Amino acid sequence: MKIKSVKKKGILFLCALTVAFCSPTEAFAKRHLKVSINPVLPPFSFLDKSDSKVKVRGFSVDYINMLARLLHADVDFYASGEMFKQNTIRDFDIRALGFKQQEGVSYQYVPIHINFTRRIFVGSNCTTITCRKDFSHKKIVVLSGDYYREHLPSDDSEIIVVNSTLEAIHLLDKGVVDAFLAPSERTTLYIIQKEKQENIRKVGLSVETIPMGILVKKGDPELLADIQEAVLTLEKRGVVGELKDKWFGKQIELLDWKVYYRPLAMIFMVVITGLGGILFWNYILKNRVARATMELKHSRQQYMGLIESSPDMIFLVDREGGIILANHKSKSIIQGEQSEEGRTLFDLTCPEDHGILKNLLNSIYSLGSATDEIRFVFPENELRDMDLAASLIDFEWQPNIFACCFARDVTERNQFENSLIKSERLVVIGKMAAAVAHEINNPIGIVLANADEILDAELTPEETRECLESIQRNAMRAGEITRNLLSLSKPEKMTLRKVELVDVVNLSLKFLRPKLKDVKVHVIYPEDSQPISGDFKFLQQVVVNIILNAVSAMEGAPQKHLVVRFCKKLRQENVRLLFEDTGKGIPRENLVQIFEPFFSKGKENSFGLGLFTVNRIIEKHDGIVFAESDPGAGTKIVLELPRYEEKESC
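The structure presented is a predicted model; accordingly, all values stated were derived computationally and were not measured.

Side note on the overall build of the chain
Scanning the chain from terminus to terminus reveals 15 helices and 24 strands. Each of the 650 residues in the chain was classed as buried or not, and the buried ones make up 39%. The long-range share in the chain, meaning contacts at least 24 apart out of those at least 6 apart in sequence, stands at 64%. As presented, the chain carries roughly 39,000 Å² of accessible surface, and 55% of it is formed by carbon and sulfur atoms.

Considering the packing of helix α13 (residues 501-511) against helix α14 (residues 536-553)
Two elements in contact, α13 and α14, have axes whose closest approach is 9 Å; the angle formed by their N-to-C orientations is 55 degrees. The angle between α13 and α14 falls in the class oblique. For the crossing formed where α13 meets α14, the hand is right-handed. Facing Asp503, Val504, Val505, Leu507, Ser508, Leu509 and Phe511 of α13, the residues of α14 in contact are Phe536, Leu539, Gln540, Val543, Val544 and Ile547. Of the residues belonging to the contact of α13 with α14, the class tally is ten nonpolar, two polar and one charged.

Focus: the pattern of salt bridges
Evaluated as defined, the whole model comprises 19 salt bridges. Here arginine 384 makes a salt bridge to aspartate 409, at a shortest N to O gap of 2.9 Å. Linking arginine 384 in strand β16 (residues 382-393) with aspartate 409 in strand β17 (residues 402-409), this pair joins segments that are 25 residues apart in sequence. For aspartate 409, a relative accessible area of 32% gives the class partly exposed. Measuring nitrogen to oxygen at the nearest pair gives 2.8 Å for the salt bridge that ties arginine 513 to glutamate 466. Here the residue arginine 513 occupies a position in the loop between α13 and β19 (520-524), and glutamate 466 occupies one in helix α12 (residues 461-486), the gap between them amounting to 47 residues. Take arginine 513: its relative accessible area is 44%, and that puts it in the partly exposed class. Three or more residues are tied together by salt bridges with common partners; here these are Glu382, Arg384, Asp409 and Glu412.

Topic: the packing of aromatic side chains
All chains considered together, the criterion is met by nine aromatic pairs. Taken together, a centroid distance of 6.4 Å and an interplanar angle of 85 degrees make the contact between phenylalanine 44 and phenylalanine 59 edge-to-face. In this pair, phenylalanine 44 is assigned in the loop between β3 (40-41) and β4 (45-48) and phenylalanine 59 in helix α3 (residues 59-71), connecting sequence segments 15 residues apart. Exposure class is identical for phenylalanine 44 and phenylalanine 59. Each is buried. With a centroid separation of 5.4 Å and an interplanar angle of 25 degrees, the aromatic rings of phenylalanine 59 and phenylalanine 248 are classed as stacked. A residue pair is termed long-range when its members are at least 10 positions apart, and phenylalanine 59 in helix α3 and phenylalanine 248 in helix α7 (residues 239-248) qualify at 189 residues. We classify phenylalanine 59 as buried; its relative accessible area is 1%. The ring of tyrosine 78 carries lysine 34 above its face, with NZ or CZ at 5.8 Å from the centroid.

Focus on the side chain of threonine 187
Following the sequence through the fold, threonine 187 ends up in helix α5 (residues 185-194). Setting aside anything within four residues of it in sequence, one finds threonine 187 in contact with Leu41, Pro42, Pro43, Phe44 and Thr165.

Comments concerning the sheet that holds β3
The strand order across the open sheet formed by three strands is β3-β4-β5, and the pairing between neighbours is antiparallel. Whereas interior strands pair on both sides, the edge strands pair on one side only; in this sheet they are β3 and β5 (55-57).

Observations regarding the pairing of strand β11 (residues 179-182)
On a regular strand, each side chain points to the face opposite its neighbour's, so the side chains alternate between the two faces of the sheet. Of the two faces of β11, the one carrying Ala179 and Leu181 and the one carrying Phe180 and Ala182 are both buried. Relative to β11, strand β8 (residues 107-123) is paired through four bridges, and the arrangement is antiparallel. Looking across to β11, one finds that phenylalanine 121 is bridged to phenylalanine 180. The pairing of strand β9 (residues 139-143) with β11 spans two bridges and is parallel. Counted as the bridge partner of isoleucine 140 is alanine 179 from β11.

Description of helix α6 (residues 221-236)
Between the first and last C-alpha of α6 there are 23 Å, a value that for 16 residues agrees with the 22 Å anticipated at 1.5 Å per step. Every buried residue of α6 is listed here: Leu223, Leu224, Ile227, Ala230, Val231 and Leu234. Viewed along the axis of α6, the buried residues span an arc of 130 degrees, placing them on a single side of the element. Of the exposed residues in α6, the ones pointing more than 90 degrees away from its buried face are Pro221, Glu222, Glu229 and Lys236. Tucked into the core, α6 has its buried residues touching β2 (31-37), α3, β7 (94-99), β8, β12 (200-217) and α7. Immediately downstream of α6, the backbone of glycine 238 shows phi near 75 degrees, a positive value.

A short note on the sheet that holds β19
Taking strand neighbours across the sheet as the criterion, the five strands line up as β19-β21-β22-β24-β23 in an open arrangement whose pairing is mixed. Since the sheet does not close on itself, it has two edges, and those belong to β19 and β23 (624-629), each with one partner. Strand after strand, the sheet turns through a mean of 15 degrees between neighbouring axes, direction not considered. Pairing between β23 and strand β24 (residues 635-642): six bridges, direction antiparallel. Bridge assignment links isoleucine 624 to a residue of β24, and that residue is glutamate 640.

About the thresholds
- Residues numbered from 1 in each chain as written.
- Predicted model: local features only at pLDDT ≥ 70, side-chain atom pairs only at ≥ 80, totals over all residues.
- Heavy atoms only, no water.
- Helix = DSSP H or I, 4+ residues; strand = E, 2+ residues; numbered from the N terminus.
- Buried < 20%, exposed > 50% of the residue type's maximum accessible area, 1.4 Å probe, protein only.
- Contact = heavy atoms within 4.5 Å.
- Areas by Shrake-Rupley, 256 points an atom, 1.4 Å probe, with all protein chains shown as cover.
- Axes fitted to C-alpha atoms, helices over the stretch in contact; angles between N-to-C directions.
- Parallel < 35°, antiparallel > 145°, perpendicular 65-115°, else oblique.
- Left-handed = near helix turned anticlockwise from the far one by under 90°.
- Nonpolar A, V, L, I, M, F, W, Y, C, P; charged D, E, K, R; others polar.
- Salt bridge = Lys/Arg side-chain N within 4 Å of Asp/Glu carboxyl O.
- Phe/Tyr/Trp six-rings, centres within 6.5 Å; stacked < 30°, edge-to-face > 60°.
- Lys NZ or Arg CZ within 6 Å of the ring centre and 35° of its normal.
- Pairing = 2+ DSSP bridges.
- Expected span 1.5 Å × (residues − 1).
- Arc of directions from axis to C-beta.

What follows is the structure in structure tokens.
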């Protein structure tokens, strides 16, 4: 598209003067310049279609026309399709605006002291993009040919290239892209205002300031020199500044009281209102302080009433045990109605328990709280058992200085518990005797089975040795049960350590082999190690009791199958072991009762303590045991035990 510029009267006047004072040859040797200009770069250059005519206007047009006057040249403007297109300069003498980076073999850059400011524009609702670092994984629109790559912090952004700023703004308004990396802030704001786009805003600081100039085609050094001289002339005359004011606007710095009297009046009103508000707020604060003081007084009275009405002894003590404050209940031990001033908890405590009290105070001030049982000396040298609980009181002005101690008389409770323990001990001894009788029957039965195996069959020396070892182990086990009965007052404690449940099952099956001659045993081992925290001996007792119960339940069954399965992990912290037999099964109403003591329904010569013992041992291992069964469908016994966890060492 070719657009001829309209010659102005001033240019005609200059031409007339040139004809008058120059030779005929010089007068008619007038240059004719072909200028490339971007028609979609307002306010620098754009097409004005008003008055049914199309003409090119803008800062660049006026600037080139002024240069043409100084050069005594005619100008023809041609629209170039893209702002950054480089090879179009070969067809023109001058390009209206260009970058230093576009200087090359075909053209040369002449600065004119005009800058483009590169800015980021986003939708008005966007809060995730404030600078270039936020471009990661976002859709960014740029102009074709722009040098945008150096402004992207990484290559993980999706880049959409368009040919004009208007097209980029439309994509941003529709939400197709997340941001527009605009090379010219002025152009973008101009188009946003013209298009009445209210949903687009600029964010962050300017990304880059780009010096602009005109590009002159190489090959005509005289033209280049004339243009450089004309540019300097326009700059000296202040023409550039006037054009900036015309096309970019000028900020008015003169103080006009007619303009500012309303804002000043508003400020004055705000100040007066603020002073009135301060006075009113001061009045409200005084009332609040008075009300808070009264509430604090009532709260203190309620607090003191609560403390004084407590049935427990309450002491406020310091680090050395000195009594700072005590409630009315405590007066009964502080020698009648004497003041607590100068008294300490050590004065109230039995001398033999002074060490316990000292450790208690140390624990309070190191851990923040502690509890223990101490004997207090009441008047007339009466010793009473006191349950003492204390914690630090954290005052903001003096933290960790005082501790609040609650003392409760538990003498009668301890006496009752001692008598209850004595009465329960007889019941425990009776139950233990029955349990021991049941437990002794199991190893004795295994001993007899192995003895019969040796007497009735011709065994190899290795098989005979295994039978004798089984007899020895079960005889020792029976002896241990007897010793546990004799030492009832000091029962054996479990020793928890890392145990492989697979080893427990394998060893139990090994010495139960004589009992399992008619039973087909199938063990499904785990894919990986399943260690638990437990006592190997007690866990072996659990497995033996469950297997013997299964063997007993399968008596008379056409098929005797026992499956021992290590289940897959249900939870990371648990290990599950399942025993499944093909016995006669258990009615549903008895599934819970089978773990109760002395429940032996349907079993002859049984005390009903086998599964009860299993349940007690599993509970002490923090595990659970349960059964699933139906009459005639066999029984499943499931053990679930906590997985062993390695403790970190300091």
